[in-house]
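Residue strings, one per chain:
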Amino acid sequence: MARGVALTSDPRTPMTSDLDDPANAATPRPGEMPPDVVVAVSADERARGQLLPETERAAYAAFRSHGCLLLRGVFPATLVDAMYRDYVARYGAMDARGMREQALKPSPNPFIARSEARYQITPRMSGAFGQPGVFANSLLCRFLAPLFSGDMQLSSFTLVVSHPGAPLQPVHRDHGHLFVEPEVGLNLPVHAVNVVVPLIDTDLETGPTGVWPGSQQWPESVQPQPDTLTACPIERGDCMLLDYRTLHSGLPNRGGRARPILYMVYARSWFFDDVNHFGIRSLDMTVEDCRALPESVRPVMIRAMSQAMRAQADERIARARGPDHSPNDPSSWGKVGRNDPCPCGSGRKYKQCHGRSGSA
Ligand SMILES: O=C(O)CCC(=O)C(=O)O
């Protein structure tokens with residue numbers, strides 16, 4: 001697809017039709033990204049782990065004005081290929097039906113359905129997925145940290161897989177504005193950034209993630225028309241940075257193979273996305289692997305460590321409960337401490353879940 005043509009019409013027309021409507025979903029004709037959204041990283045910058053000042057200026061300007069940025073060539077292709085091989089070894093045998101069956105299992109469950117034939121998986125951060133060059137990539141972290149005034153943690157590390165036949169996803173933001181008052185919310189600095197890393201080359205056949213540039217500052221009431229979406233190929237080694245408020249949508253997968261992309265969310269330390277991670281882990285690294293990380297990487301992995309410790313405690317509790325315990329059968333739970341995780345697996349404390357007075 002040729003690049004470099006700006007949007008010609010204002011996409012902010014309030015929507016009257018439903019984006020879930022299959023008639024709309026079947027026929028997206030993505031426009032092209034504004035040319036300045038795409039910033040190429042040179043081999044020298046990649047090797048040094050830092051952008052040159054002029055590249056950095058262009059990248060910040062694009063990200064701030066469009067709420068998205070496509071950095072070309074951040075990751076070595078060998079690292080992306082290693083992640084793809086890990087993906088295939090772990091999940092490659094599962095088609096859409098297999099993932100749907102997995103997603104229906106009770107928690108703790110690393111699979112959730114995002115939309116038709118599109119699934120999110122929280123992979124164990126080991127093997128290629130456990131390489132600091134991925135989640136603590138120096139070029140990426142050096143670029144991101146100033147956006148959060150240095151207060152940045154990896155908040156989630158998941159895969160989104162669209163299977164052949166997956167339709168256009170409903171348009172959405174990963175998370176709404178933090179404040180509903182328009183005069184406050186729309187001008188706030190970014191609180192979370194989603195870094196999208198395709199594990200295979202994506203083109204309009206395979207279905208990259210399409211975006212509405214500038215929509216990070218649109219009020220919630222504005223819903224764009226599907227045909228005003230913009231997209232471009234995203235290849236192995238590239239990554240797309242999305243302000244968490246930017247409207248986007250996974251394009252249909254018209255190809256013959258599954259399209260896995262890595263989603264790494266970096267956020268200010270006080271922000272956690274309960275909406276997308278209700279009852280599921282957003283990061284899965286073992287306590288031992290967190291402890292083995294180089295000292296310089298640990299500050300960005302505080303949340304990974306806290307989730308790892310929580311999971312370890314949950315496992316101890318599950319072992320102590322014994323094999324007759326069933327998350328779906330409160331009569332099998334025995335005595336549960338008010339502050340213990342709820343045995344139903346919701347991820348909430350017992351006192352805030354099944355232990356609430358009046359709760360069944
Ligand atoms: O599959 C994609 O390209 C986008 C997925 C996405 O935005 C989501 O699941 O929230």
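Heads up: these notes are all about the structure in this document. A quick note: this is a predicted structure, and the numbers were derived from the prediction, not measured.

**A look at the environment of I280**
Turning to step 1, where the next piece is worked out: Tracing the backbone through its elements, the reader meets I280 in the loop between β10 (259-268) and α9 (287-291).
Turning to step 2, where the next piece is worked out: Note on I280: relative accessible area 14%, which makes it buried.
Turning to step 3, where the next piece is worked out: Put simply, I280 and V190 are 90 residues apart on the chain and 24 Å apart in space, counted from C-alpha to C-alpha.
Turning to step 4, where the next piece is worked out: For I280, the residues in contact, after removing those within four places along its chain, are N109, I112 and Q120.

**A look at the site of the ligand**
Turning to step 1, where the next piece is worked out: In the vicinity of the ligand, the contacting residues are R114, R118, V160, Q169, H172, D174, T209, H248, G250, R259, I261 and Y263.
Turning to step 2, where the next piece is worked out: Contacts to the ligand include R118, whose side-chain N or O atom sits 2.8 Å from an oxygen atom.
Turning to step 3, where the next piece is worked out: One nitrogen or oxygen atom from the side chain of H172 is found 2.8 Å from an oxygen atom belonging to the ligand.
Turning to step 4, where the next piece is worked out: Against a free-state accessible area of 290 Å², the protein chains account for coverage of 100% of the ligand.
Turning to step 5, where the next piece is worked out: Because more than half of its atoms lie within 2 Å of the grid, the ligand is assigned to the largest cavity.
Turning to step 6, where the next piece is worked out: Among the elements of the structure, β9 (248-250) and β10 are those that each provide at least two residues to the shell around the ligand.
Turning to step 7, where the next piece is worked out: Ranked by residue count, the leading element in the shell around the ligand is β10, at 3 residues.
Turning to step 8, where the next piece is worked out: For the shell around the ligand, the per-class residue count stands at 3 nonpolar, 5 polar and 4 charged.

**Regarding empty space enclosed by the protein**
Over the atoms rolls a probe the size of a water molecule, and its path tells where empty space is left.
Turning to step 1, where the next piece is worked out: Counted according to the given criterion, the structure contains 2 cavities of 30 Å³ or more.
Turning to step 2, where the next piece is worked out: Volume-wise, the largest cavity comes out at about 180 Å³.
Turning to step 3, where the next piece is worked out: Around the largest cavity, the lining is made up of 21 residues, and of these R114, Q120, V160, D174 and Y263 lie nearest the centre.
Turning to step 4, where the next piece is worked out: Within the residue set of the lining of the largest cavity, elements represented by two or more residues are β4 (118-121), β5 (152-162), β9 and β10.

Definitions and limits used
Residues numbered from 1 in each chain as written. Predicted model: local features only at pLDDT ≥ 70, side-chain atom pairs only at ≥ 80, totals over all residues. Heavy atoms only, no water. Helix = DSSP H or I, 4+ residues; strand = E, 2+ residues; numbered from the N terminus. Buried < 20%, exposed > 50% of the residue type's maximum accessible area, 1.4 Å probe, protein only. Contact = heavy atoms within 4.5 Å. Near = heavy atom within 4 Å. Polar contact = N/O pair within 3.5 Å; in protein donor to acceptor, adjacent residues only side chain to side chain. Areas by Shrake-Rupley, 256 points an atom, 1.4 Å probe, with all protein chains shown as cover. 1 Å grid on protein atoms, 1.4 Å probe; cavity = no way out; pocket = protein on both sides within 12 Å on 5 of 7 lines; lining within 4 Å. Sits in = over half its atoms within 2 Å of the grid points. Nonpolar A, V, L, I, M, F, W, Y, C, P; charged D, E, K, R; others polar. Points joined across faces, edges and corners; volume = space filled by probe spheres on them.

Function cannot be inferred from these measures alone, as they are strictly geometric.
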